[in-house]
Amino acid sequence: MTAPPSASRKGANRAEKLLLPATFITCLGNSIQLTAASLLVVQAERTALSVGWLFIAVAIPQVLLSVWFGRLADRFDRRLLCLLCDLLSMLAALALPVWLLLDGPTGTAVYVTNFALSLVAALFMPASNALIKERVRPERIGRFNAAYEVATQAGTLISASVGGFLVQLFGTQPLFFFNGLTFLASALCWLLLGRRPHTTPDQAPAAGGGPAAEAAATVPRRAPLARLGLLYALGNVVITASNTLIVVLVVQGFHQKAGVLGVVDALAGVGFTVAAVLYARFSVRIGNLGLALLGYLGCAGLITLEPLFGVGGLMLLLPCGALTFGLARISARTLLLTEVEDRRAGSVFGATNAFGLAISAGATLGLSVLSDHSRIRNGYFGLAVLIGGAAALTVLSLRGWNHRRKPAAEDSADPALEPAL
């Protein structure tokens, strides 16, 4: 017996209200851990490569296991998998300050703990994204993605701000204990989400009925998921490489304290939030594919300027760069999530995560070596060329597919975000 459409809509709305805070809290916890660990490493080793190795150590489990874990997310209860991930992350996060209190080697503790958290994240990423496909109605995907990316990036960027100030005031150990509690709060959200409904949102009729609503739920059979995944994965490169480079730029290049790192990251969070607000208007006029290209190109251009004008210039440029990146990220995610089928969502996002982190690790290592052997600005220039060039080539290869798409599969399934064709 299937649930009536009204019940399905109520369940989907409730799911959105719980998915967003759970996503925010989990990202906050993961990023607080990584920010504090990065500060410990750069203060001890004082090279971009040392921070780069930390990010690579975090990426390795996700690169190797995300594809397999994605298949697990398509076979088992995705909500319970997310709940299990947060509980395991809490234990891993609390292990680090306990190890430090026992006078264990700091470097070993940092790498092992973050490796363990990354192992859990390899399962959490495909499971949580597949859960979104499972619980969010197709015509709400565009609007939800804007809020989701704000929650994700806000958790990441606020963690840098909070982490920077708390490390400067209290040291790292209290921060790691706080981090453990964030995972517990996220686990509570997954618990309240409830079991999977008999009728998932993509199976239920869209609100309003009629041909347009039915078309919104239609998923093309032959979508270029690999190229759409690449377009989305470019965001991983921007996040991972820029997080590595900005620590070295602020601490060593501009000779500032950790608190300044928190300020500039908080300003980037403001830019990303503005991007989520503007996304609806721009996606109607440009479409998601064009908006993704413009966003990545704009972000690449601003990246080249960030190391040139001191910390004051960085504070002015980061919100603008985050705005352009946010528009690209939301657009690319909406394209991928709209085209993938629910039964394959875990596998597709697992593969996308693995590939994105693999190229992120390679790019981060190469850019770190370039920065250490020349100037930090050269690392930023290399990142800009990589992002701009890859985005342009990927979007160019997708133009033919985009023109052939039916109105039923337009960039966003939310009629409030996209015009009828």
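Placed above this text is the structure.
Residues numbered from 1 in each chain as written. Predicted model: local features only at pLDDT ≥ 70, side-chain atom pairs only at ≥ 80, totals over all residues. Heavy atoms only, no water.

Direction vectors running N to C along helix α8 (residues 225-253) and helix α13 (residues 376-404) enclose 170°, while the axes themselves pass 10 Å from each other. In this view, α8 runs roughly antiparallel relative to α13, as classed from their interaxial angle. Along the lines of polarity and charge, the residues of the contact of α8 with α13 split into 21 nonpolar, four polar and one charged. (Axes fitted to C-alpha atoms, helices over the stretch in contact; angles between N-to-C directions. Helix = DSSP H or I, 4+ residues; strand = E, 2+ residues; numbered from the N terminus. Parallel < 35°, antiparallel > 145°, perpendicular 65-115°, else oblique. Nonpolar A, V, L, I, M, F, W, Y, C, P; charged D, E, K, R; others polar.)

One can find Asn353 in helix α12 (residues 345-373). A polar atom in the side chain of Asn353 sits 3.1 Å from the side chain of Ser66. Not counting residues within four places of it along the chain, the set of residues in contact with Asn353 comprises Gln62, Ser66, Met125 and Asn236. (Polar contact = N/O pair within 3.5 Å; in protein donor to acceptor, adjacent residues only side chain to side chain. Contact = heavy atoms within 4.5 Å.)

Next up on the list: helix α3 (residues 78-101). Taking 1.5 Å per residue, 24 residues should reach 34 Å; α3 reaches 36 Å between its end C-alpha atoms and fits that length. The opening residue of α3 is Asp77, an N-cap whose side-chain oxygen sits 2.9 Å from the backbone nitrogen of Arg79. A positive backbone phi angle near 65° is found at Asp103, which sits one or two residues after α3. (Expected span 1.5 Å × (residues − 1).)

Within this structure, the stated rule accounts for seven salt bridges. Here Arg78 ties to Asp74 by a salt bridge, and the two come within 2.9 Å at their closest N and O atoms. Overall, the relative accessible area of 4% leaves Arg78 in the buried class. When the shortest N-O distance is used, the salt bridge between Glu139 and Arg137 registers 2.6 Å. Residue classification places Arg137 among the buried positions, given a relative accessible area of 2%. Here the salt bridges do not stand alone but share partners, grouping Asp74, Arg78, Glu134, Arg135 and Asp342 into one network. (Salt bridge = Lys/Arg side-chain N within 4 Å of Asp/Glu carboxyl O. Buried < 20%, exposed > 50% of the residue type's maximum accessible area, 1.4 Å probe, protein only.)

Here Leu297 shows up in helix α10 (residues 288-305). The exposure class assigned to Leu297 is partly exposed, which follows from its relative accessible area of 38%. Distance from Leu297 to Thr324, taken between C-alpha atoms, is 8.2 Å for residues 27 residues apart in sequence.

Moving on to α10. Relative to the 26 Å expected for 18 residues at 1.5 Å per residue, α10 spans 26 Å between its end C-alpha atoms, a close match to the ideal helical length. If you check which residues of α10 are buried, you get Asn288, Leu289, Leu291, Ala292, Gly295, Tyr296, Cys299, Ala300, Leu302 and Ile303.

Next up on the list: the environment of Tyr148. As for its position among the elements, Tyr148 is in helix α5 (residues 141-170). Separated by 128 residues in sequence, Tyr148 and Leu20 place their C-alpha atoms 6.0 Å apart.

Don't take any of this as a statement about function, it's just geometry.
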